[in-house]
Amino acid sequence: MLASVLEFMPLVLFATVCAVLMLGYPVALALAGTALAFAGVGLALQSMGVPVPFESRMMSAMPNRLYGIMTNQTLLAVPLFVLMGVLLEKSRVAETLLDAMAMAFGALRGGLGIAVVIVGMLLAASTGIVGATVVTMGLLSLPTMLKRGYSPALATGTICATGTLGQIIPPSIALVLLGDVLSNAYQQAQLSMGVWSPKTLSVGDLFIGALVPGLLLVVAYIVYLLIVAWLKPSVAPAADREALKAELGHTGSIWPLLLKGLIPPVLLIVAVLGSILGGFATPTEASAVGAFGALLLAAANRRLSVTMLREVVRSTAQVTSMVFLILIGAALFSLVFRAYGGEELVTHMFEAMPGGVIGATLVVMLVIFLLGFILDFIEITFVVVPIVGPVLLAMGIDPIWLGIMIAVNLQTSFLTPPFGFALFYLRGVTPQSVPTSAIYRGVIPFIIMQLGMLLALALFPELATWLPSVM
């Protein structure tokens, strides 16, 4: 009995971490604390003469892991992209852009919804943080949509779905972290196959691979809104442009506002993504360009002050510290998992699955989807991907395709009732007059569209791999 339990100790470790996280303990401390407890159990049993499959010498690699995290140039993009997003949020660029888009499209049936999708796409590309995008769009656009007669379900569903685009629209922080983890997993997979000159995977490759799926989702959202507005004009009515202008406090021509709201953020996104796609800068260098550009936008909008900078720096430091603390905890968890032979156990389980690589991929995607209900993308990226990534990549799966599939999968998970994170974020800023059931109903069509994108990626991997191959 004891021998069988010890054989599956890696799975017990994983299940224990999930249970501790569900109890509400901080993620970084839960990962590190549980890993240390299991390492202590392994050492204690070995000292008692129990044959535990625990390679204690692997724990000596932890200092090198920590040094590698602190000196990782790719991860330097995280605080800079966070800084860019917080600056844009504090400088009210999103508010100006939404006003301009609302007046440009508001006179059409479903026009306000289309404006929300476009602004959400640009905001997602600017911040890359799902929670920030959902909350910002909820505060700015939901009152206007409800006042103009939009169905609460359609309005909340559009905002939630648009907010999750931060997972897939580059430059996404999720893709930065996922790219770094998958790069290590890809090299590890090649070395395990005897390839001593391994190919590399960069964050820029994932950015390029995510462009087509991300833009296809945006187009699908807009087409859906147009169809709904055409079939049921009462749920997405056209707004009176003059009344909308008066409500938003703008008079005269909309073109100055449109140019002021649209051009600066678009230029910033083009500068960041263009420098990466054109090969002029790495994602880390491009993140510095983005942070500096956001600083200039804040100054141009006359929002730059000592108080505002203090808030921005504090918020950036909090988010960055949280990310790196989780990464350190995840590194310790990964070491203990491997010390117990977890990688070999996962490999044997995947090889024994019916359906081979297809069956293994389906199981991994299902597990990641379910974990998305209880874990944020950072925890899943740092905990789950290092475990399953090397095994799947060693089976011959394209790393770019796998990264985009994971991103879209998590995007769908964050949108799915009853535990989707995006639903919780929006519920926190939604008036009590809008029932939670309306939010759940509103996201269902968008979930179907995202599942359709996952199916399309599975059937046509070129949607993710073609553009990186020709760039």
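The model shown is predicted, which means the values in this text are computed figures rather than measured ones.

Reading the values: rules and limits
Residues numbered from 1 in each chain as written. Predicted model: local features only at pLDDT ≥ 70, side-chain atom pairs only at ≥ 80, totals over all residues. Heavy atoms only, no water. Helix = DSSP H or I, 4+ residues; strand = E, 2+ residues; numbered from the N terminus. Rg over C-alpha atoms; globule rule 2.2 N^0.38 Å. Buried < 20%, exposed > 50% of the residue type's maximum accessible area, 1.4 Å probe, protein only. Contact = heavy atoms within 4.5 Å. Areas by Shrake-Rupley, 256 points an atom, 1.4 Å probe, with all protein chains shown as cover. Lys, Arg positive; Asp, Glu negative; His and termini not counted. Charge placed at Lys NZ, Arg CZ, Asp CG, Glu CD. 1 Å grid on protein atoms, 1.4 Å probe; cavity = no way out; pocket = protein on both sides within 12 Å on 5 of 7 lines; lining within 4 Å. Points joined across faces, edges and corners; volume = space filled by probe spheres on them. Nonpolar A, V, L, I, M, F, W, Y, C, P; charged D, E, K, R; others polar. pLDDT = per-residue confidence, 0-100. Core = buried A, V, L, I, M, F, W, Y, C linked by side-chain atoms within 4.5 Å. Phe/Tyr/Trp six-rings, centres within 6.5 Å; stacked < 30°, edge-to-face > 60°. Polar contact = N/O pair within 3.5 Å; in protein donor to acceptor, adjacent residues only side chain to side chain. Arc of directions from axis to C-beta.

A. Spotlight on the overall build of the chain. The helix and strand tally for the chain stands at 23 helices and zero strands. For 471 residues, the compact-globule formula gives about 23 Å, and the C-alpha radius of gyration of the chain, at 23 Å, lands near that figure. Taken along its principal axes, the extent of the C-alpha atoms in the chain is 85 × 45 × 45 Å. Looking at the chain as a whole, 54% of its 471 residues qualify as buried. Look at the contacts in the chain between residues 6 or more apart in sequence, and 81% of them connect residues 24 or more apart. Within the structure as shown, the chain displays about 19800 Å² of accessible surface, and the carbon and sulfur contribution to it stands at 70%. Between the averaged position of the 19 positive side-chain charges in the chain and that of its 19 negative side-chain charges there is a distance of 15 Å.

B. A look at the layout of surface pockets. Here the largest pocket defines a volume of roughly 440 Å³. Forming the boundary of the largest pocket are 19 residues, of which Arg65, Asn184, Leu327, Ala331 and Pro386 lie nearest the centre. Looking at the lining of the largest pocket, the elements with two or more residues in it are α4 (62–70), α10 (173–192), α15 (306–339) and α19 (385–394). Grouping the constituent residues of the lining of the largest pocket by class yields ten nonpolar, six polar and three charged.

C. The arrangement of the environment of leucine 423 in detail. Along the polypeptide, leucine 423 turns up in helix α21 (residues 421–427). Separated by 145 residues in the primary sequence, leucine 423 and glycine 278 have C-alpha atoms spaced 37 Å apart. Not counting residues within four places of it along the chain, the set of residues in contact with leucine 423 comprises Cys160, Phe414, Leu415, Thr416, Pro417, Ile439, Tyr440 and Val443.

D. Representation of the confidence of the model for the chain in the model. Averaged over all residues, the pLDDT of the chain is 82; the fraction at 70 or higher stands at 94%. The element-level mean pLDDT for the chain is lowest in helix α1 (residues 2–7), coming to 63, with helix α22 (residues 436–459) highest at 92.

E. Representation of the nonpolar core. The biggest cluster of nonpolar side chains holds 160 residues, and the ones touching the most others in it are Leu165, Leu177, Phe333, Phe350, Phe382, Leu402 and Ile404. The dominant element in this core, judged by the number of residues it contributes, is α15, at 14 residues.

F. Region of the structure containing the side chain of serine 287. Take serine 287: it is sitting in helix α14 (residues 283–300). Given the relative accessible area of 0%, serine 287 is considered buried. Excluding residues that lie within four positions of it along the chain, serine 287 makes contacts with Ala77, Leu80 and Phe81.

G. Summary view of the packing of aromatic side chains. Evaluated as defined, the whole model comprises three aromatic pairs. Here tyrosine 221 and phenylalanine 446 contribute two aromatic rings whose centre-to-centre distance is 5.1 Å and whose plane-to-plane angle is 80 degrees, an arrangement assigned as edge-to-face. Of this pair, tyrosine 221 sits in helix α11 (residues 203–231) while phenylalanine 446 sits in helix α22, and the two are 225 residues apart along the sequence. Considered together, tyrosine 221 and phenylalanine 446 belong to a single accessibility category, that of buried residues. Aromatic pair tyrosine 224 and phenylalanine 446: ring centres 5.3 Å apart, planes at 75 degrees, arrangement edge-to-face. Of this pair, tyrosine 224 sits in helix α11 while phenylalanine 446 sits in helix α22, placing them 222 residues apart in sequence. For phenylalanine 446, a relative accessible area of 0% puts it in the buried group. An aromatic cluster is defined as three or more aromatic residues linked by ring pairs; in this entry it consists of Tyr221, Tyr224 and Phe446.

H. Up close: the environment of alanine 153. Within the secondary structure layout, alanine 153 lies in helix α9 (residues 152–163). With 56 residues separating them along the chain, alanine 153 and leucine 97 place their C-alpha atoms 24 Å apart. Setting aside residues no more than four positions away along its own chain, alanine 153 makes contact with Ala438, Arg441 and Gly442.

I. Highlighting the side chain of threonine 416. Mapped onto the secondary structure, threonine 416 falls in the loop between α20 (399–413) and α21. Polar side-chain contacts of threonine 416 include one of 2.7 Å to the backbone oxygen of threonine 412. Sequence-distant contacts of threonine 416, defined by excluding residues within four places in its chain, comprise Phe369, Phe373, Leu423 and Ile447.

J. Focus on helix α23 (residues 462–470). Among the residues of α23, those classed as buried are Ala464, Leu467 and Pro468. The buried residues of α23 occupy an angular sector of 95 degrees when projected down its axis, which confines them to one face. Next to the buried residues of α23 lie α11, α20 and α22.

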